[in-house]
Amino acid sequence: MNVDKLMNELEKKHQGEVEYLQAVREVLDSIADVYNENPQFESAAIIERLVEPDRILTFKVPWITDNGQVNVNLGYRVQFNNAIGPYKGGLRFHPSVNLSSLKFLGFEQIFKNSLTTLPLGGAKGGSDFNPKGKSDSEIMRFCQSFMTELWNLIGPETDVPAGDIGVGAREIGYLYGMYKKLAKENTGVLTGKGLNWGGSLVRPEATGFGNVYFAKELLANKGESLEGKTVAISGFGNVAWGAALKATELGAKVIAISGPDGYIYDPEGIKGEKIDFMLELRATNEDIVQPFSYEFDSGQFYEGRKPWELKVDIALPCAIQNELNKEDAEKLVENGCMCVSEGANMPCTPEAIDVFQNNNILFGPAKAANAGGVATSGLEMTQNSMKLHWSRNEVDQRLHKIMSDIHNACVEYGKDENGNIDYMKGANIAGFLKVANAMLDQGVI
Ligand code: NDP
């Protein structure tokens, strides 16, 4: 494989798909040596087949506002690869959604799902619909319209979507309701379902929990622990609040949390009733970060700034892609940060990752560090097909074990002859080999 040549061809074929090309480049750079040592990959054109999705569904989603206005959004499902299991990956509802962002997320999902050790293929989907400020009934009508196109393509053994940005328990409920009606079946076709209709305990907070478990493993490998460490987290969505809860439970102190408009610094720690307060605001679709500073004296709001300027031991970017750049990374390093674990997908730019790696900062790449969400979705699928409901403790323990296994796989494939570990390389190689070997076994399809 010649990475530059392949990237040139992809750039010509998929002009302007910046995020997708960025994600492919990162993986190709990591796996090139292993790929070239195994000529059977080249002769089966594994990489050329892997970088293109199996199929993409694009559709229009018409829906009516409460005051009778007809709107049209775009809907997508990108089914990337199902060599090791049914397509699996979230749905994102956000104005920034386009084919490039969904192809980047779907491509990443292949390797992430492979790392979980569960039989899950890779996919992603969503819409440029913005749920912010919409009423419940508008959300419901949108989700129903979205599902009238999607339902034919998905199924419990074919493709099992989940939530992502803008798609939480409420949206999954409306999507599932419509699927059930159209397919005339009640099966585990979506994950992130409500607890009394097939959902799994711990799923809402699983990505954040998993990210903190991964950070714990990173630190343990260096003889460190979370106890007493200060933590900055970006975002206050599904991933961020789970991370804040678990980090606190394991003895760390979360001193910053952020939104698109700025961050809160609270030296006394963001935990307990403070997290409950933010969750309440989140449930009502209100702004979260600034009101925190009105409610709690210890919290100060820094408008238009990012939490990476603070002195912290651990940074957990949990909001959105490319939110932590080179300058942010340099500030974190300058201030003595020792560990960065990605809760969001691709939150650190390639230049930021270079800064971390050149300064020996423990760096947990998203496809390993945030795999806990999809892993717990996999556990939800298992419970659905077994018609069982595991206890909170059982799910949490399985999640913990999966994150620790993912960490070990990264170490196995990412350690060099001097004992240094490149977790990004390790995650890419471990995730790739399983999928590539399955593709070889299954012939050219
Ligand atoms: P949510 O929509 O629940 O939360 C995203 C949060 O980030 C919101 O609080 C949002 O604020 C905030 N935000 C958006 N842009 C910025 C910014 N530039 N700076 C700071 N905060 C910002 O999404 P999730 O928590 O589900 O997902 C977050 C990330 O994690 C995404 O990259 C997603 O793909 C990834 N991920 C999610 C998984 C899951 O299980 N949910 C699984 C694996 C990865 P506001 O609402 O005001 O816009």
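Residues numbered from 1 in each chain as written. Predicted model: local features only at pLDDT ≥ 70, side-chain atom pairs only at ≥ 80, totals over all residues. Heavy atoms only, no water.

**Q** I tried to follow the overall build of the protein chain on my own but got confused; where do I start?
**A** Helices and strands together make up the secondary structure of the protein chain, namely 17 helices and 12 strands. At 21 Å, the protein chain has a C-alpha radius of gyration in line with the 22 Å of a compact globule built from 445 residues. Seen through its principal axes, the protein chain has C-alpha atoms that stretch 65 × 60 × 45 Å. Looking at the protein chain as a whole, 56% of its 445 residues are labelled buried. Expressed as a percentage of contacts within the protein chain between residues at least 6 apart in sequence, the contacts between residues at least 24 apart total 71%. In the form shown here, the protein chain has an accessible surface area of approximately 18000 Å², with 48% of it arising from carbon and sulfur atoms. For the protein chain, the separation between the mean place of its 43 positive charges and that of its 59 negative charges on side chains is 5 Å. (Helix = DSSP H or I, 4+ residues; strand = E, 2+ residues; numbered from the N terminus. Rg over C-alpha atoms; globule rule 2.2 N^0.38 Å. Buried < 20%, exposed > 50% of the residue type's maximum accessible area, 1.4 Å probe, protein only. Contact = heavy atoms within 4.5 Å. Areas by Shrake-Rupley, 256 points an atom, 1.4 Å probe, with all protein chains shown as cover. Lys, Arg positive; Asp, Glu negative; His and termini not counted. Charge placed at Lys NZ, Arg CZ, Asp CG, Glu CD.)

**Q** Help me understand the domain arrangement of the protein chain in this model?
**A** Buried accessible area, meaning the area lost when the parts come together, often serves as the stated size of an interface. Domain parsing of the protein chain yields domain 1 (53–187) and domain 2 (206–369). On a C-alpha basis, the centroid separation for the pair domain 1 and domain 2 is 27 Å. With a shortest N-O distance of 3.4 Å, Glu 108 and Lys 367 are connected by a salt bridge. Considering each element in turn, the side of domain 1 that touches domain 2 owes the most residues, 7 residues, to helix 5 (residues 99–115). (Domains from an automatic or database assignment. Salt bridge = Lys/Arg side-chain N within 4 Å of Asp/Glu carboxyl O.)

**Q** What exactly am I supposed to notice about the packing of aromatic side chains here?
**A** Under the definition given, this model contains 19 aromatic pairs. Note on Phe 93 and Phe 142: the rings are 5.1 Å apart at their centroids and 85° apart in plane angle, and the pair reads as edge-to-face. Here Phe 93 is found in strand 3 (residues 87–93), whereas its partner Phe 142 is found in helix 6 (residues 136–150), with 49 residues between them in sequence. Of the two residues, Phe 93 and Phe 142, both sit in the buried class. Here the aromatic cluster, defined as three or more aromatic residues joined through ring pairs, consists of Phe 59, Trp 63, Phe 93, Phe 129, Phe 142 and Phe 146. Seen from the ring of Tyr 20, Lys 103 lies directly overhead, with NZ or CZ sitting 4.0 Å from the centre. (Phe/Tyr/Trp six-rings, centres within 6.5 Å; stacked < 30°, edge-to-face > 60°. Lys NZ or Arg CZ within 6 Å of the ring centre and 35° of its normal.)

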